[in-house]
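# Descriptive analysis of the structure
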Amino acid sequence: MGRPFHQYLQELRIGKAKELLARSGMPIQDIWASVGFNNRNSFIRAFRKLEGISPTDYRSQYTQPAAPAKLP
């Protein structure tokens, strides 16, 4: 029958959070609130359970550094 609805929903929320962490400079507080978590601790706990690392560590690993400015 698949996975329970709450697990599916949590996976969707974490997936969206991963996108925001990697592709935006949005503060983590704004990310957990925008993807539907009620508090920081539950977000971090769920993220760590699914990904094996904290949201901060994920951002550090998957954020592309900005390209250096070219000098004339």
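Residues numbered from 1 in each chain as written. Predicted model: local features only at pLDDT ≥ 70, side-chain atom pairs only at ≥ 80, totals over all residues. Heavy atoms only, no water.

## A closer look at the environment of T56
Where we set the bar: Working definition: helices are DSSP H or I runs of at least four residues, strands are E runs of at least two. Numbering for both runs from the N terminus. Type-normalised accessible area, obtained with a 1.4 Å probe on protein chains alone, sets the label of each residue: buried when under 20%, exposed when over 50%, and partly exposed for intermediate values.
Among the structural elements, T56 can be located in helix 4 (residues 55-62). On the basis of relative accessibility, which here comes to 47%, the residue T56 falls in the partly exposed class. Each C-alpha atom of the pair T56 and L21 lies 8.2 Å from the other, and the pair is 35 residues apart in sequence.

## Quick notes on the packing of aromatic side chains
The geometry of two aromatic rings is summed up by the distance between their centres and the angle between their planes. What counts, and what does not: Two rings belonging to Phe, Tyr or Trp (six-membered ring only in the last case) form a pair when the distance between their centres is within 6.5 Å. Interplanar angles under 30 degrees mark stacking, angles over 60 mark edge-to-face geometry, and anything in between is tilted. Counted as over-ring charges are cases with an Arg CZ or a Lys NZ within 6 Å of the ring centre that also lie within 35 degrees of the ring normal.
If you walk through the whole model with that rule in mind, you get five aromatic pairs. Three or more aromatic residues joined by ring pairs form one cluster here, namely F37, F43, F47, Y58 and Y62. The residue whose ring lies beneath R13 is F37, and the NZ or CZ to ring-centre distance is 5.9 Å.

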